[in-house]
Every structure is written in structure tokens, then in C-alpha cells.
Amino acid sequence: MTGGTGSARDFEGLLQEMIGLSSASVGASVIRHALARRMAACALPDLHAYWAHLTEHRDERQELIDCVVVPETWFFRDPEAFGAVTEHLRMRGRGRPFRLLSLPCSTGEEPYSVAMALLDAGFAKEDFIVEAVDVSIRNLAYAQRAIYGRNSFRGADLAFRDRHFEACDGGFRPHDRVRHQVRFTHGNLLEPIGFAERQPFDVVFCRNLLIYFDRETQGRAMERLGALLAPDGLLLVGPGESGLPSLHGYASTRRPRAFAFTRAAAPAAAAEAKPGTLRARRRPSLVPAPGLTATRPPAPLKPFARRMPPGGIAAPVPDAAGDDLAAARDAADAGRFGEARRAAERHATRHGPSPESLYVIGLTHDAEGDAAQAAGFYRKALYLAPEHREALAHLRLLLQRQGDHAGASALARRLARLGGKGDA
Ligand SMILES: C[S@@+](CC[C@H](N)C(=O)[O-])C[C@H]1O[C@@H](n2cnc3c(N)ncnc32)[C@H](O)[C@@H]1O
């Protein structure tokens, strides 16, 4: 950390350097909020004083990271991914314990879900270990405490909670047999992580982190993931990141909504297991783009959830209208795209087209691989609300996937400008 005086650009540059965070993807206001919180916590009057403080105190850099990261996660997020993993490992045989990596693991829901899925699939405790890594010490502390509230349990099927959790003060705690399968470590995807480098992993989850990186950093991250993954390993990314692996030598396993990849030269385990399964389709993000409208109530340690309304939409959605939209988002989150689209269309019929309903309809087309329809609806949403951050972000990703780099860059610039305008 050298030079700089404490301008907004200095902080954005520092965060990019430390954890790869692109201010264009997350929105400058998210970074501003984090800086304001840390300045208040350190009782410093302005950004220049805070910059000087940061240069002298390494610990404060970690505090800033903890404050700025987006910890949004829940149990069995994108549930098909876990089926892809158990299927992949079953086909490998069990000569030695399998090594799985969840990076980033956030507050622990993902690695614990992996452990539950493998136990449910009949793997014994000696058969596998889940290493869980995150750059946020605060998220790791939460993960190790392992007490989860409502916000961590989404989706219709919560039978896993009855099987693997006990009720406790403040929520639910995974049983020891689940917790003992997971080992947490502090680490950064963009830097070597000691133990992780020594032996490659059979399965690597890197979901919903790459979306926060710019293109160059995404490339570096993919290289790091390549080094961590065994030659015949399985890589899982988030829905909004599913266009990336194929640009870096991976092939989809063709399992719908699993977002699972093997190296292009290696056999796609799931596809082989089920010849004639659906053709691979790229599935874009159903996750709210980083730092944007969250669809659910905030949980502890989720400081940015719901912080920002969709850009340019001034009026809150009335209750009745909100029901259809909430149902649409919930269904989309759970991968029920048809239901999501019907709910959003119902909303549009009853209340007239709104940026949000058009955006959700676009999202469902995007998820089903219909890029032309998706782009059309995103553009309609942007026509009504030119500053709709999620529509901008998803359209940007879509154009990027299609190779329209000029169009994607133009949208990235619009997003960046938006971040600087004070939208919080
Ligand atoms: C949105 S959560 C994703 C959690 C989980 N993988 C999922 O998909 O539900 C993003 C996480 O990435 C972590 N993170 C951000 N930058 C990182 C980096 N460079 N290395 C490791 N973790 C990072 C954050 O601390 C946060 O916990």
C-alpha cells in the first residue's frame, strides 16, 4: 500500500488490489458505506485521516475487508450443484478421502451443505473432508459459531434441517457430525493458501465471487482455481458466472442448474452417467447482482442486504404488487423459472409493466438460455428505469458472454457512473 492520499479512487484501487473487488461490479456506494462505517468506528474525521490510519494499521485493512464484502449465502443454494458433486464422487471410487474446497465459504452455509449432501448420499465421515476458506474473518467466525436463523434456510424443502440440525438459542445449529466434516481457514483466492496448494481438490466450489471481479481478475482467479483443482476434478461456479469456465478450458457437465464443469479434455462425469441428458445451456445469474437489491430480509452480518433500491425506481412497490414480485423472485431463486415468469407477468398485467417485472422476466429467459428474449426484457426495464442496476449488471454479463465486449464495457461504465452518484 503505497502512495495515495485517500481519494475514493485510492480506496477502490486498494480493495481491488487486496481482494480483487471491482467497484464497477459492486457499486461505489457500497464502498462508500463501508468507509463511512470504518471511519466512524475509528473516530476519524475524513477519508484522508482514514487512509493514513490504514497505511499504518494492517489490522484495519482486514476490518475494511470484513465491512465491504457481500456475505449473501444460504443452505443448498442452487441445490442441483450438490447432486452433481455426489454423482461425480460416486463415479470416482473411494481409494482415499475426497478433498472438497468451498472458496469462498462466507458464513458456512455452503460447506455445511456439502457435508450434509455427502452424508445423505451415504459417504462415511472418513470418506471426505470439506476445506472452507474465506477472506472475511468475521464471516469465518460466524461460520464456526454455526448458529443460523431464518435467512439461511430458503427454498421449499427444508427436510435437511430436521435431519442435520438441532434448535438452539438464536436459531439452528448443525449436528457435530456435520460440523466435524468442515475445516475453516482464512485465505484469499488471489493469493497462495498454504495447505490448499499441497494437494489438489476433487471438487472446488467457487460460487458467487467471480462476479465481483473485473475481466482481468476473473482470468487470474480462473488460473488459481485451475491450480487448486485435480485434473479430473469438478468445478462449481455461480449461475452468473457460468459463462466463464468455458472461456478457460472447462466443459459443462450438462447437468441443468448445477453450473458444474470439468476440464474440457476430461470426461464430463455427469454427462457420461446420463447419456442424452439436456444440452448444456449457459445459465446467467439468478442471484441479485452484487450490492444490488436483495430479495430477502437481512440476516445478521449481512450489512448490505436491501441497502440499495433498484436504481431509478423512486416509489416503493405497493404491497399487493409486491406479493407477485416477491413470489417471482423466490421462484427464480429456487430455479422454478416458468413459475417466476408467470408471477412477474401477472404483476405486469395487474399493475402495468414495471422495471422490476420486466427485469425478472428477462432473468427467467436468461436462465433458460434465451439470450435474445432476455436482452429484450432487460432493455425494456432499462428504458423505464435507465439506472436499474440489476438489469444493467445482467445485461452486461449477457453481452460479455456473447462476446460483445464493447457493449459490455459501455454498460460497465454506466454502472460505475451510477455508483458515483449517491444512490444509497
Ligand atoms: C456472496 S458470498 C458467496 C458465498 C458462497 N460461495 C455462496 O455462493 O453462497 C461472497 C464471499 O466471498 C468472500 N470473498 C470476497 N473476496 C474474496 C477473495 N478475494 N478471496 C476469498 N474470499 C473472498 C466474501 O468474504 C464473501 O464471504
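Structure: above.
Reading the values: the criteria
Residues numbered from 1 in each chain as written. Predicted model: local features only at pLDDT ≥ 70, side-chain atom pairs only at ≥ 80, totals over all residues. Heavy atoms only, no water. Helix = DSSP H or I, 4+ residues; strand = E, 2+ residues; numbered from the N terminus. Buried < 20%, exposed > 50% of the residue type's maximum accessible area, 1.4 Å probe, protein only. Contact = heavy atoms within 4.5 Å. Areas by Shrake-Rupley, 256 points an atom, 1.4 Å probe, with all protein chains shown as cover. Near = heavy atom within 4 Å. Polar contact = N/O pair within 3.5 Å; in protein donor to acceptor, adjacent residues only side chain to side chain. Nonpolar A, V, L, I, M, F, W, Y, C, P; charged D, E, K, R; others polar. Expected span 1.5 Å × (residues − 1). Pairing = 2+ DSSP bridges. Axes fitted to C-alpha atoms, helices over the stretch in contact; angles between N-to-C directions. Salt bridge = Lys/Arg side-chain N within 4 Å of Asp/Glu carboxyl O.

**Q** Got a sec to walk through the overall build of the protein? Specific residues and values, please.
**A** Regarding its fold elements, the protein presents 19 helices and nine strands. A buried classification covers 58% of the 424 residues belonging to the protein. Within the protein, contacts between residues separated by at least 24 positions form 72% of all contacts whose residues are at least 6 apart in sequence. A total accessible area of about 17,600 Å² is found for the protein, and carbon and sulfur atoms account for 52% of it.

**Q** Describe the side chain of E110, naming the residues involved and giving the relevant values.
**A** Here E110 shows up in helix α7 (residues 109–120). We classify E110 as buried; its relative accessible area is 5%.

**Q** Tell me what's going on with the site of the ligand, and back it up with residues and numbers.
**A** Near the ligand, the surroundings consist of 21 residues, among which T73, R77, P104, D134 and N208 are the closest. Here I19 contributes a backbone N or O atom positioned 3.1 Å from a nitrogen atom of the ligand. About the coverage of the ligand: the protein hides 98% of its 610 Å² of free accessible area. Partitioned by chemical class, the residues of the shell around the ligand number nine nonpolar, seven polar and five charged.

**Q** Any details on helix α3 (residues 28–41)? Residues and values, ideally.
**A** Helix length check: α3 (14 residues) gives 20 Å between terminal C-alpha atoms against 20 Å at 1.5 Å per residue, within 8%. Among the residues making up α3, those that are buried are A28, S29, V30, I31, A34, L35, R38 and M39. A43 lies just past α3 and shows a positive phi near 55°.

**Q** Can you explain the sheet that holds strand β5 (residues 182–186)? Please cite residues and give values.
**A** Ordered by their spatial adjacency, seven strands build an open sheet running β5-β2-β1-β6-β7-β9-β8, and the pairing between neighbours is mixed. Since the sheet does not close on itself, it has two edges, and those belong to β5 and β8 (250–252), each with one partner. Taking each pair of neighbouring strands and ignoring which way they run, the sheet shows an average axis angle of 25°. Alignment of strand β7 (residues 229–237) against strand β9 (residues 260–263), held across two bridges, turns out to be antiparallel.

**Q** If you had to explain the pattern of salt bridges to someone new, which residues and values would you point to?
**A** Opposite charge on two side chains permits them to pair, given that their charged atoms come into close proximity. Within this structure, the stated rule accounts for 13 salt bridges. With a closest N to O distance of 2.8 Å, D202 and R96 form a salt bridge. Here R96 lies in the loop between α6 (80–90) and β1 (98–102) and D202 lies in strand β6 (residues 201–206), a separation of 106 residues in the sequence. One salt bridge in this structure joins D176 and R179, with 2.3 Å as the shortest N-O distance. Here D176 and its partner R179 are both found in helix α10 (residues 176–179), three residues apart, which amounts to about one turn of the helix. Put simply, R38, E60 and E63 are held in one network by salt bridges that share partners.

**Q** Go over the environment of L54, please, and point to the residues and values.
**A** Along the chain, the position of L54 falls in helix α4 (residues 47–56). Residue class for L54 comes out buried when judged on its relative accessible area of 0%. The spatial distance from the C-alpha of L54 to the C-alpha of L64 is 9.0 Å, given a sequence separation of 10 residues.

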